[in-house]
Amino acid sequence: MGMLNSNLIKLGSFLSNEKLFIPEYQRGYSWEEPQLDDFWIDLVEIYEGNTRDEHFLGQVVIHKNKEDGKRYIIDGQQRISTTIILLDILRTKFKELADSTNNNDANDDAEDINTKCIGRVSERKKEQYLSMGGVDKEFFINYIQTRGPIDYSDRKFEKKRLRPSNYNIFYASKFFDDKVSKFITKKAPNEYIELNKLYQCLINQFILMTVETDDINEAYIIFESLNARGKVLETADLLKNHILRVAQSDLSSATETWNTIIDNLDNIDPTKFIRYYWNSTNRFAREKDLFKALRKDIKTQSDVNTLLANLRFLSKVCAAILHPEDNKDFDLTELNERLIEMQKLDASSYIPVIFALRLQNYSEEDINEVLKAIETLVVRNFVVSGLVANKYELEFAQIAKSISDQSWSPHNKPPTKDDILKKLYSLMVSDEEFINNFKVFNSKKNAVIRYLLRKINNYDISETKIVDDSNRVHVEHILPKKINEDWINFNNEDHETYLWRLGNLTLLGQEYNNRAKNKGFDKKKEIYKKSEIKMTRDLVSIDDWTTFTIVKRQENFAEIALKIWPRN
């Protein structure tokens, strides 16, 4: 018979439709924190109502077996399993609220989740709506589908005691318990109302595309088509098709402009470029939501013309930002040099801000000052303090949008350069946090190490500044990677702890670096005194190399760093 149906359905309706089974041969539960965090962020965004009204959770491919009549999930088990884990946490929290406040509505919600989404599961009853396969089945029944909170501190849940997929289930439960608990705490005294709203968002505003067939071969053909690698349509391809459909009589011109954009990008991922543009002028969208947002707004031939004109203009800007040594879009030498520095730091989440400034015709001097502040933020927050750059993506996008639509709060006007700088400074870690993190900073990324040491060495030097050429200037470990009898001040633990500390690193010309290698400190100093790099020559005045020397040198670096990357 083949295909039975294909439709879009609310998550809650899908779960309460018919019982679902995971085939025994399917892999176990595999989601970890990055996927769980994405799931939670999507839910919170729907709850806050700031970006969109619905969230497309993805597709679920179902095989309805003719022999036993069961519905097996061929594709989508991770999303559905994760949903059940979160619903179990919501069920538990509603029950706790009902018990502590005598709130009958909370108790009703707990029962609804039980009867409509998870199923009745106890020692006597096994009426779960989702039956896991393989090694996860009993664990999922006992600790997710059976009602009641989990004691997350119980040693039986330690990673070494559980199968990997069982531990992933436990970790997902603990993750969502923590997220929902913090959510509830922030909503006092309206805990129930806001928790109910969150629950409704999950079951009513998360949308699935279901494809159901009674032919197992067809089910896997569909699965492979939806998950194909290599020929899968990227957002850029989907957008191109949409643009050319809407372009109508301007089809030839639109095609030519699109090809010019791709050529200008110099092998930069078109989807990432389009997303940088979108987040510089519109509400923030993650990559998986980008095409939907674009399709919703690009409806007319005029929309297409405006979009293509902006993309064509910014494609050269993007190439100048991401390939600054090969492409130039700005006349200001200092700005082009700063873009090269940003490339060394592997920074990109800030690009929508530069796009917005360029589209609104800010001067290159202003753009350079803004980029200087962004460089400082990247060093303080991401490089040295280890904060995740992705979490600042939204902040950068919000700044960019306020520049583009000229609605800078609180005065609802175009922002000045100083307005933007003030906002960027507010996002930076404090001086105390920065200097404390810098004192213990270590990294194995040579590009980052060279950048930091070069900046520190060049500070307050007008002549003989270090050029950034990895072929000519190398990172030198003063305490070498391999120690011998010349390094009696360091045991193996000290060696491991201090080897990659910035205080143990310097810059040295290639010819000297090859000669220094694993020599003792006294012999290395004979090489260092010939160097033209000031921080390396300064090592000659040090009598002995110890852990104390490394710590003290790095503390001095931290004081200089505060002057190079100030929060003002």
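Scroll up for the structure.
Each chain has its residues counted from 1, running along the sequence as written. This being a predicted model, a pLDDT of at least 70 is required before a residue's local features are given, and a value of 80 or more before pairs of side-chain atoms are given or counted; all residues contribute to the totals for chains, interfaces and linings. Side-chain descriptors were evaluated using all non-hydrogen atoms of the structure, hydrogens and water having been removed beforehand.

A. Highlighting the overall build of the protein. A tally of regular secondary structure across the protein gives 25 helices and 10 strands. For the C-alpha atoms alone, the extent of the protein along its principal axes is close to 80 × 70 × 50 Å. When accessible area is computed with a 1.4 Å probe and restricted to protein chains, residues below 20% of their type maximum are described as buried, those above 50% as exposed, and intermediate ones as partly exposed. Counting over 568 residues, the protein shows a buried share of 50%. A separation of at least 24 residues holds for 73% of the contacts in the protein among residues at least 6 apart in sequence. Each helix is a run of DSSP H or I of at least 4 residues and each strand a run of E of at least 2, with the numbering of both proceeding from the N terminus. Residue contacts follow a heavy-atom distance rule, with two residues in contact if any of their heavy atoms lie within 4.5 Å.

B. Highlighting the packing of aromatic side chains. Pairing of aromatic rings covers Phe, Tyr and Trp, the last through its six-membered ring, and needs centres within 6.5 Å; plane angles under 30 degrees mean stacked, over 60 mean edge-to-face, and all others mean tilted. Enumeration according to the criterion identifies 23 aromatic pairs in this entry. Through pairs of rings, three or more aromatic residues link up here, namely Phe139, Tyr143, Tyr152, Phe157, Tyr167, Phe170 and Tyr171. For a Lys NZ or an Arg CZ to count as sitting over a ring, it must be within 6 Å of the ring centre and within 35 degrees of the ring normal. The ring of tyrosine 47 is capped by lysine 197, whose NZ or CZ atom sits 4.7 Å from the centre of that ring.

C. Main features of the packing of helix α4 (residues 104-118) against helix α7 (residues 191-205). The angle between two axes is taken between their N-to-C directions and runs from 0 to 180 degrees, where each axis is a line fitted to C-alpha atoms and a helix contributes only its stretch in contact. With their axes 11 Å apart at the nearest point, α4 and α7 run at an angle of 20° to one another. Overall, the two elements α4 and α7 adopt an arrangement that is roughly parallel. Of the two possible hands of crossing, α4 and α7 adopt the one that is left-handed. Across the interface between the two elements, Asp105, Ala106, Asp109, Asp112 and Ile113 of α4 pack against Tyr192, Asn196 and Tyr199 of α7. Residues of the contact of α4 with α7, tallied by class, amount to four nonpolar, one polar and three charged. Orientation categories follow fixed angle ranges, with anything under 35 degrees roughly parallel, anything over 145 roughly antiparallel, 65 to 115 roughly perpendicular, and all other angles oblique. Helix crossings are classified by the rotation of the near helix relative to the far one: an anticlockwise turn of less than a right angle makes the crossing left-handed, while a clockwise turn makes it right-handed. Nonpolar residues are Ala, Val, Leu, Ile, Met, Phe, Trp, Tyr, Cys and Pro. Charged residues are Asp, Glu, Lys and Arg, and all others, Gly as well, are polar.

D. Layout of empty space enclosed by the protein. Lining residues are those with an atom within 4 Å of a point, where the points come from a 1 Å grid over the protein atoms alone and group into cavities, where a 1.4 Å probe fits but cannot get out, or pockets, open sets with protein on both sides within 12 Å along at least five of seven lines. Grid points are joined across faces, edges and corners, and a volume is the space filled by probe spheres set on the points. Within the structure shown, the criterion is met by two cavities of 30 Å³ or more. Roughly 50 Å³ of volume is contained in the largest cavity. What lines the largest cavity is Arg275, Tyr276, Asn279, Phe284, Ser348, Ser349, Pro352, Glu393 and Ala397. Elements with a minimum of two residues in the lining of the largest cavity: α11 (270-281) and α17 (393-404). It is α11 that provides the largest number of residues to the lining of the largest cavity, a total of three residues. If you add up the space inside the second largest cavity, you get close to 40 Å³. Forming the boundary of the second largest cavity are Ile22, Pro23, Gln26, Arg27, Gly28, Tyr29, Gln77, Met132, Gly133 and Asp136. Looking at the lining of the second largest cavity residue by residue, the class counts come to four nonpolar, four polar and two charged.

E. Seen up close, the side chain of threonine 506. In this fold, threonine 506 is placed in strand β10 (residues 505-509). Judged by its relative accessible area of 0%, threonine 506 falls in the buried class. A distance of 2.7 Å separates polar atoms of two side chains, one belonging to threonine 506 and the other to threonine 536. Non-local contacts of threonine 506, meaning those with residues more than four positions away in its chain, are made with Leu453, His474, Val475, Glu476, Ile478, Met535, Thr536, Leu539 and Arg553. Pairing of N or O atoms within 3.5 Å defines a polar contact, subject to two protein rules: one partner must be a possible hydrogen donor and the other a possible acceptor, and residues neighboring in sequence count only if both atoms are side-chain atoms.

F. The arrangement of the pairing of strand β8 (residues 206-213) in detail. Counting buried positions over the eight residues of β8 gives seven, a clear majority of the element. By this definition, two strands are paired if DSSP reports at least two bridges between them. For strand β3 (residues 55-64) and β8, the ladder comprises eight bridges, and the chain directions are parallel. Across the sheet, valine 61 pairs through a bridge with valine 211, a residue of β8.

G. Seen up close, a positive patch on the surface. Note on patches: the residues involved have over 30% relative accessible area and no salt bridge, like charges join within 9 Å, and the nonpolar side chains Val, Leu, Ile, Met, Phe, Trp and Tyr join within 5 Å. Using a 1.4 Å probe, the Shrake-Rupley method yields the accessible areas, and only the shown protein chains count as cover for residues. Note on definitions: salt bridges are taken to be side-chain nitrogens of Lys or Arg within 4 Å of carboxyl oxygens of Asp or Glu. For the purpose of charge, His is not counted, nor are the chain termini; Lys and Arg are scored as positive and Asp and Glu as negative. Charged side chains are reduced to one point each, which is NZ for Lys, CZ for Arg, CG for Asp and CD for Glu. On the surface, Arg283, Lys292, Arg295, Lys296 and Lys299 cluster together into a patch of positive charge. Its place among the elements puts lysine 296 in helix α12 (residues 287-297).

Function-wise, these values are silent; they only describe arrangement.
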